[in-house]
Structures are given as C-alpha cells and as structure tokens.
Amino acid sequence: NERSGDAPFVVMGDFNATPTNPDMSFLISEARFVDVVAAVGRHALLTWDPEKNPNIRYSTGSVDAEGHQLDVPSLLSAWYDGQPRRIDYVFLNERFRSDDVLDARVILDMPEGHLFASDHYGLLATVNVSSLKSAAAPEEEAQIAAPVPKFEALPILSYDTDVGFGYGAKAFFLN
C-alpha cells in the first residue's frame, strides 16, 4: 500500500485461506481492503469444490503418484483439500468503496467437454470505477486522458505442486 501512494489497485489470487482465517481478516480490517464477495453479500461462494470438480482428486488422494501411502501430515493436507470452501479472492484497496462492487460471482464452475478449466473455479468481479475519476483533484483530472481501446494478450505459465506445470493465455480488451 505504501508503494502505490494514492493509486487504486487490485490484489487477487489463490490465498489458500478461508474468509475466517486471521490473515484474511487482517487484510479487511487492518489493511482496509474490500473483499468483493463480502461486498455483494455472497458469503457462500465456493472456489474450491472437490465434490464437483474432479481436477482436485490429485490433492485429496491417500497415495502419491507412484502408489505409495502418504505420511500423516500429507494425509491431513489431503483431508483438508477435500473440504469445499472459498480460497480465491479479489481485493480492492481503500480507494474503492464497497458500493463500487456491482457483482461478484463464480465462473468456470461447469465442465466444458467433461473438463474443468482448473482445480479452482474463477472469481469474476464487476467494479464501478467512475468514482475514482471524480475523486481526482481538478488538476489531476485534466491530465487523465480517455483510454485508447487496446487489446493485450499474454502467455501464462504456472506451476502447482499437486499437478505440475500448466500453460495458457490471457487476453484483455480495454475499451
């Protein structure tokens, strides 16, 4: 937050922690981040659901890839990974208000051709950013140019200890 100054920013990703975890509570109460899911009152959203998503089976088994029985800490981790919960977040910094969040919902929670996109479901937030421009000082507002529509694509390479390497691409269109 210190590096961003007064700039709005978004922090998002897989935090591997439920909303009741003290670290998540700290982000909301002390760091004053807005949790988009809480802002729209949808506390029961699941982004990790081993009951419906077969991609998670690699995390919840009692044997490793070679068929060896897991040790006790690994078994406890596998049991925990077998519990449905929300562990993915979109946080907005204090430049945003809770009412700026128009919607937050789970996406990619259904298989496409019998395959799920990931072991996690996606979390999509719709945020009204018009109050950010109006909060700018008049001299700053004059410097804010209208965005030029553009299209950006970037490759994604990921690694997860449960499933190994993954790859893909993300496209972003700004209008």
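To start, this report covers the structure provided alongside it. Values in this document were obtained by computation on a predicted structure and should not be read as measured data. (Residues numbered from 1 in each chain as written. Predicted model: local features only at pLDDT ≥ 70, side-chain atom pairs only at ≥ 80, totals over all residues. Heavy atoms only, no water.)

### Some details on the overall build of the protein chain
Where we set the bar: Secondary structure follows DSSP: runs of H or I at least 4 residues long count as helices, runs of E at least 2 residues long count as strands, and numbering of each begins at the N terminus. Exposed residues in this analysis have more than 50% of their type's maximum accessible area, buried residues have under 20%, and partly exposed residues fall in between, with area computed by a 1.4 Å probe over protein chains only. Should any heavy atoms of two residues lie within 4.5 Å, those residues are considered in contact. Where accessible areas are quoted, they stem from the Shrake-Rupley method and a 1.4 Å probe; at the residue level, only the protein chains shown are allowed to cover.
If you tally the helices and strands in the protein chain, you get six helices and seven strands. Listing the helices and strands of the protein chain from first to last along the sequence gives β-α-β-α-α-α-β-β-β-α-α-β-β. Per-residue burial for the protein chain yields a buried fraction of 25% across its 175 residues. Sequence-distant contacts, at least 24 apart, represent 66% of the contacts inside the protein chain between residues at least 6 apart. Per element, the accessible surface of the protein chain, about 12,000 Å² overall, is 57% carbon and sulfur.

### Side note on the packing of aromatic side chains
What describes a pair of aromatic rings is the distance from one ring centre to the other and the angle between the planes of the rings. For clarity, the cut-off: In this analysis, rings of Phe, Tyr and Trp, with Trp reduced to its six-membered ring, are considered paired at centre separations within 6.5 Å, and the interplanar angle assigns stacked below 30 degrees, edge-to-face beyond 60, and tilted for intermediate values.
Tallied over the full model, the rule gives six aromatic pairs. Ring centres of Phe 15 and Tyr 89 lie 5.6 Å apart, and the angle between their planes is 90°; on these two criteria the pair is classed as edge-to-face. You can see Phe 15 sitting in the loop between strand E1 (10-14) and helix H1 (22-29) and its partner Tyr 89 sitting in strand E3 (residues 88-92), a full 74 residues away along the chain. Judged by its relative accessible area of 28%, Phe 15 is partly exposed. Grouping aromatic residues by their ring pairs yields a cluster made of Phe 9, Phe 15, Phe 33, Tyr 89 and Phe 91.

### Notes on the nonpolar core
Nonpolar side chains in soluble globular proteins tend to be buried together. For clarity, the cut-off: In plain words, nonpolar cores are sets of buried Ala, Val, Leu, Ile, Met, Phe, Trp, Tyr and Cys residues tied together by side-chain atoms within 4.5 Å.
Counting residues in each nonpolar core, the largest one holds 14 residues, and the members touching the most others are Val 36, Val 37, Leu 45, Leu 92, Val 101 and Leu 123. Where this core is concerned, the elements lending two or more residues are helix H2 (36-39), E3 and strand E4 (101-107). Take this core: its biggest share by element is three residues, from E4. With eight residues, the next largest nonpolar core counts Ala 17, Leu 27, Phe 33 and Phe 91 among its residues.

### Let's talk about the sheet that holds E3
Convention followed: Here, a strand pair is defined by DSSP locating no fewer than two bridges between the strands.
Spatial strand order, E1-E3-E2: three strands in an open sheet with antiparallel pairing. Of all strands in the sheet, those with a lone pairing partner are E1 and strand E2 (34-35), marking the two edges. Note: E1 against E3, five bridges, orientation antiparallel. Opposite Val 10, over in E3, you have Leu 92 as the bridge partner.

### What to know about the pattern of salt bridges
Stated formally: Any carboxyl oxygen of Asp or Glu that lies within 4 Å of a side-chain nitrogen of Lys or Arg is treated as forming a salt bridge with it.
Inspection of every chain in the model, using the stated rule, returns five salt bridges. In this structure, Arg 42 and Asp 103 form a salt bridge, with 2.7 Å as the shortest nitrogen-oxygen distance. Separated by 61 residues along the polypeptide, Arg 42 in the loop between H2 and helix H3 (57-60) and Asp 103 in strand E4 bring together distant segments of the chain. The class for Arg 42 is partly exposed, based on a relative accessible area of 36%. Here Asp 103 ties to Arg 105 by a salt bridge, and the two come within 3.5 Å at their closest N and O atoms. In this structure Arg 105 comes out as partly exposed when scored by relative accessible area, which is 39%. A single salt-bridge network, built from bridges that share partners, covers Arg 42, Asp 103 and Arg 105.

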